Amino acid sequence: MASFILITGASSGFGAATAKLFASNGYGLVLMARRKDKLEALVQELPKNIEAHILVADVRDEVLVTNAINSLPEHVKTALSILVNNAGLAVGKGPIDQGLIEDWDRMVDTNVKGLLYVSRAVIPLLKANNKGHIINIASIAGKEVYPGGNVYCATKHAVDALSRAMRIDLVNYNIKVSNLAPGAAETEFSIVRFKGNEAQAKSVYDGYSPLVAQDIAETLWFMCSRPDHVNINDITLMASAQASAAVFAEKE
Ligand code: NDP
Ligand code: 8X3
């Protein structure tokens, strides 16, 4: 029986690349996001022998999340071994006093509370299986702050803290907890942050080679394929041209 991985935010970027890589290594998939059409298109791209379950859910809705996870077939629950808490977003970038309350709410509710709701529903399954691995996707924005990053950085600092706290709380249950903190990666992230302004989103990656989703997927695969007695607590993964949150190599 194949092991299953549950990936939140599987409809694009890091989540979709991770789904494809783990499927190509024989994992069954549980794919969560809001955009059903994107999840269905992703499933069409997977090897035909892979069992994939789509959970259309907004991670901000605790009841929806819990019901969706509880609705999984028993054979999937008992074979679930990995949770990647990846769903997340930045919305807006600017001085704190000009921030929009609705943007702040979206980031806090998705990046922090959503991660908690999903974890709260999945951890009992991992405990019952006496084995598991949770990887939280944080960010360089969870290690440092940068101009205009305020609330997004605060949510990712919270993710970083939760990774450390969850590791302590779950150590007696044979459940590993890892934190993965990428720097700038070109996905839909900046398009979401700049509310559909594609030119502004593109400019974030001008003049250097950012990370791509496959870099994150391959790092996750490495973290998850270590022997049972090894846990990678934390990885900060950056483009070679990014030295810290706000310092990039000079443009050519
Ligand atoms: P994308 O925008 O490409 O993907 C984000 C994913 O999150 C989508 O699948 C989206 O699905 C999902 N998502 C967003 N909000 C919700 C929600 N309320 N409920 C369920 N799913 C949701 O960005 P990335 O792949 O780049 O980002 C993935 C994670 O990595 C995020 O947590 C981000 O903060 C983090 N990160 C990104 C970096 C970057 O530079 N790209 C760097 C460091 C960290 P849908 O819209 O269908 O719901
Ligand atoms: C996403 C990348 O540059 O906003 O976490 O920190 S950045």
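For the structure, see preceding data.
Calculation notes
- Residues numbered from 1 in each chain as written.
- Chains lettered and ligands numbered in written order.
- Predicted model: local features only at pLDDT ≥ 70, side-chain atom pairs only at ≥ 80, totals over all residues.
- Heavy atoms only, no water.
- Axes fitted to C-alpha atoms, helices over the stretch in contact; angles between N-to-C directions.
- Helix = DSSP H or I, 4+ residues; strand = E, 2+ residues; numbered from the N terminus.
- Parallel < 35°, antiparallel > 145°, perpendicular 65-115°, else oblique.
- Left-handed = near helix turned anticlockwise from the far one by under 90°.
- Contact = heavy atoms within 4.5 Å.
- Nonpolar A, V, L, I, M, F, W, Y, C, P; charged D, E, K, R; others polar.
- Near = heavy atom within 4 Å.
- Polar contact = N/O pair within 3.5 Å; in protein donor to acceptor, adjacent residues only side chain to side chain.
- Areas by Shrake-Rupley, 256 points an atom, 1.4 Å probe, with all protein chains shown as cover.
- Salt bridge = Lys/Arg side-chain N within 4 Å of Asp/Glu carboxyl O.
- Buried < 20%, exposed > 50% of the residue type's maximum accessible area, 1.4 Å probe, protein only.

A few words on the packing of helix H5 (residues 101-128) against helix H6 (residues 150-170). Where H5 contacts H6, the axes come no closer than 9 Å and their chain directions differ by 15°. Between H5 and H6, the angle is such that the two are roughly parallel. Relative to H6, the crossing made by H5 is right-handed. Residues Trp 104, Met 107, Val 108, Asn 111, Val 112, Leu 115, Leu 116, Ser 119, Ile 123 and Lys 127 of H5 touch H6, and the partners they reach there are Val 151, Tyr 152, Thr 155, Lys 156, Ala 158, Val 159, Leu 162, Met 166 and Leu 170. Tallied by class, residues from the contact of H5 with H6 come to 14 nonpolar, three polar and two charged.

A few words on the site of ligand 1. Among the 29 residues in the neighbourhood of ligand 1, the closest are listed as Ser 11, Ser 12, Arg 34, Tyr 152 and Thr 187. At 3.0 Å, a backbone N or O of Gly 9 approaches an oxygen atom of ligand 1. One of the backbone N or O atoms of Val 59 is found 2.9 Å from a nitrogen atom in ligand 1. If ligand 1 stood free it would expose 880 Å²; the protein chains cover 96% of that surface. For the shell around ligand 1, the secondary structure elements donating two or more residues are helix H1 (13-24) and H6. Partitioning the shell around ligand 1 into residue classes produces 13 nonpolar, 10 polar and six charged.

Taken together, Ser 139, Ile 140, Ala 141, Tyr 146, Tyr 152, Phe 189 and Arg 193 are the residues near ligand 2. Between ligand 2 and the protein, one listed contact pairs an oxygen atom with a side-chain N or O atom of Ser 139 at 2.5 Å. Arg 193 places a polar side-chain atom, nitrogen or oxygen, 3.3 Å from an oxygen atom of ligand 2. Its free accessible area being 240 Å², ligand 2 has 86% of it covered by the protein chains. When the residues that make up the shell around ligand 2 are grouped by side-chain class, the tally is five nonpolar, one polar and one charged.

Bringing the pattern of salt bridges into the picture now. Counted under the stated rule, the structure contains 13 salt bridges. Between Lys 20 and Glu 45 there is a salt bridge; the shortest N-O distance is 3.2 Å. Taken as a pair, Lys 20 in helix H1 and Glu 45 in helix H2 (residues 36-45) lie far apart in primary sequence, 25 residues in all. Lys 20 sits in the partly exposed class, given a relative accessible area of 37%. Relative accessible area serves as the criterion here: at 53%, Glu 45 is assigned to the exposed category. Of the charged contacts in the structure, one is a salt bridge between Asp 160 and Arg 164, with a shortest N-O distance of 3.1 Å. One end of the pair, Asp 160, and the other, Arg 164, are both in helix H6, four residues apart, so they sit about a helical turn from each other. Judged by relative accessible area, Asp 160 falls into the buried class, the value being 6%. Owing to a relative accessible area of 48%, Arg 164 belongs among the partly exposed residues under this scheme. Each of Lys 143, Asp 160, Arg 164 and Asp 234 takes part in a single network of salt bridges with overlapping partners.

Keep in mind these numbers describe shape, not what the thing actually does.
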